[in-house]
Amino acid sequence: MRNIDIKLGLGVLLLAAAIPHGASAYAAKPNGESAQAAVVGHGMPDGDCGKQHADGSRHHPHMHRHEAWRLERLREAASYFGIQSDGKSAEQLKAEIMAMKTKDSAKWEAFKKSMKAKRFERLKQFAASQGISTEGKTEQQLRNELRALCRHKGEQPSAPKSAA
């Protein structure tokens, strides 16, 4: 019995030695690309989860959309405070807005209040488009009714298009 175990162990070692160094479980693509190029971002095939950039970093597919949304919000805040946003990066805008926030906290509070009012108005419009009465309801009540509607239908309603 021990002789069989030794032979089996030697066979496994010889087989392992025959596999080239660096070979993985993924075979090369038919067009000749390497296995590493075939799998990108969280082990998903190319295009499914993210793209690998030249510097080796990976980004989620929706990250660029989020960055554009963030830059739009920063520009909106900058225009509210009278800051020029042309040719500035998101980091520069954020630093200038934070400086204005500490300099004029009353104006910052007014800005937050106006943004909350805009968000509530968009929520009202969306709730009305879903057939929910918005008269005299708070933001939280509308959110709860929308969630209940989603659970009842078994699906998520489509998000409203931004009017701004």
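The rules behind the values
- Residues numbered from 1 in each chain as written.
- Predicted model: local features only at pLDDT ≥ 70, side-chain atom pairs only at ≥ 80, totals over all residues.
- Heavy atoms only, no water.
- Helix = DSSP H or I, 4+ residues; strand = E, 2+ residues; numbered from the N terminus.
- Buried < 20%, exposed > 50% of the residue type's maximum accessible area, 1.4 Å probe, protein only.
- Contact = heavy atoms within 4.5 Å.
- Areas by Shrake-Rupley, 256 points an atom, 1.4 Å probe, with all protein chains shown as cover.
- Axes fitted to C-alpha atoms, helices over the stretch in contact; angles between N-to-C directions.
- Left-handed = near helix turned anticlockwise from the far one by under 90°.
- Nonpolar A, V, L, I, M, F, W, Y, C, P; charged D, E, K, R; others polar.
- Expected span 1.5 Å × (residues − 1).
- Arc of directions from axis to C-beta.
- Core = buried A, V, L, I, M, F, W, Y, C linked by side-chain atoms within 4.5 Å.
- pLDDT = per-residue confidence, 0-100.
- Phe/Tyr/Trp six-rings, centres within 6.5 Å; stacked < 30°, edge-to-face > 60°.
- Lys NZ or Arg CZ within 6 Å of the ring centre and 35° of its normal.
- Polar contact = N/O pair within 3.5 Å; in protein donor to acceptor, adjacent residues only side chain to side chain.

Asks: Explain the overall build of the chain to me, please; I cannot follow it from the model alone.
Replies: Each helix and strand in the chain was counted, giving six helices and two strands. Order of helices (α) and strands (β) in the chain, N terminus to C terminus: α-α-β-β-α-α-α-α. Evaluated residue by residue, the chain yields a buried proportion of 18% over its 164 residues. Within the chain, contacts between residues separated by at least 24 positions form 19% of all contacts whose residues are at least 6 apart in sequence. Just so you have it, the chain exposes about 12800 Å², and 57% of that area is on carbon and sulfur atoms.

Asks: Quick question: what am I supposed to make of the packing of helix 5 (residues 105–129) against helix 6 (residues 139–153) here?
Replies: The packing of two helices is summarised by the inter-axis angle and the distance between the axes. Two numbers describe how helix 5 lies on helix 6: the axes approach to 10 Å, and their chain directions differ by 35°. Viewed along their axes, helix 5 and helix 6 form a crossing whose handedness is left-handed. The residues of helix 6 that touch helix 5, namely those facing K116, R119, F120, L123, K124, F126 and A127, are E139, L142, R143 and L146. The residue makeup of the contact of helix 5 with helix 6, split by class, is six nonpolar, no polar and five charged.

Asks: Teacher, can you tell me more about helix 4 (residues 90–103) here?
Replies: In an α-helix, one full turn covers 3.6 residues, which means residues spaced three or four apart are oriented alike. The end-to-end C-alpha separation of helix 4 is 20 Å, in line with the 20 Å expected for 14 residues at 1.5 Å each. Residues of helix 4 that are buried include every one of A90, L93 and I97, and no others. End-on, the buried residues of helix 4 take up no more than an arc of 65°, which puts them together on one face. Of the exposed residues in helix 4, those oriented more than 90 degrees away from the buried face are E91, T102 and K103. Of the surrounding secondary structure, the elements contacted by the buried residues of helix 4 are helix 3 (63–80) and helix 5.

Asks: Whenever I open this one, the nonpolar core confuses me. Can you help?
Replies: If you look at soluble globular proteins, the nonpolar side chains tend to sit buried side by side. If you look at the biggest cluster of nonpolar residues, it comprises eleven residues: L74, A77, A78, F81, I83, A90, L93, I97, W108, F111 and M115. Counting only elements with at least two residues in this core, the list comes to helix 3, helix 4 and helix 5. Those residues in contact with L74, other than ones at most four positions away along the chain, are A90, L93, K94 and I97.

Asks: What should I look at first to understand the confidence of the model for the chain in this one?
Replies: Parts of the prediction with low pLDDT should not have their coordinates interpreted in detail. Put simply, the chain has an average pLDDT of 76, and 59% of its residues get 70 or more. This model gives residues 24–29 a pLDDT under 50, and the stretch forms nine contacts once residues within four places in sequence are excluded. Low confidence marks residues 32–48, where pLDDT is under 50. Its contacts with residues over four positions away, or in another chain, come to 24 contacts.

Asks: Hey, could you run me through the packing of aromatic side chains in this one?
Replies: Under the criterion given, the structure shown has five aromatic pairs. Seen in terms of ring centroids, F81 and F111 are 5.8 Å apart; in terms of plane orientation they differ by 55°. Their pairing is tilted. With a gap of 30 residues between them, F81 in the loop between helix 3 and helix 4 and F111 in helix 5 connect regions that are remote in the sequence. Take F111: its relative accessible area is 7%, and that puts it in the buried class. Among the aromatic residues, ring-to-ring pairing joins Y80, F81, W108 and F111 into one connected group. Lying over the aromatic face of Y80, K107 brings its terminal NZ or CZ to 5.8 Å of the ring centre.

Asks: What is the right way to look at the side chain of E139 in this model?
Replies: Mapping E139 onto the fold places it in helix 6. Look at E139 and you get buried, because its relative accessible area is 17%. Polar contacts involving the side chain of E139 include one to the side chain of R143, which spans 2.8 Å. Non-local contacts of E139, meaning those with residues more than four positions away in its chain, are made with K116, R119, F120 and L123.

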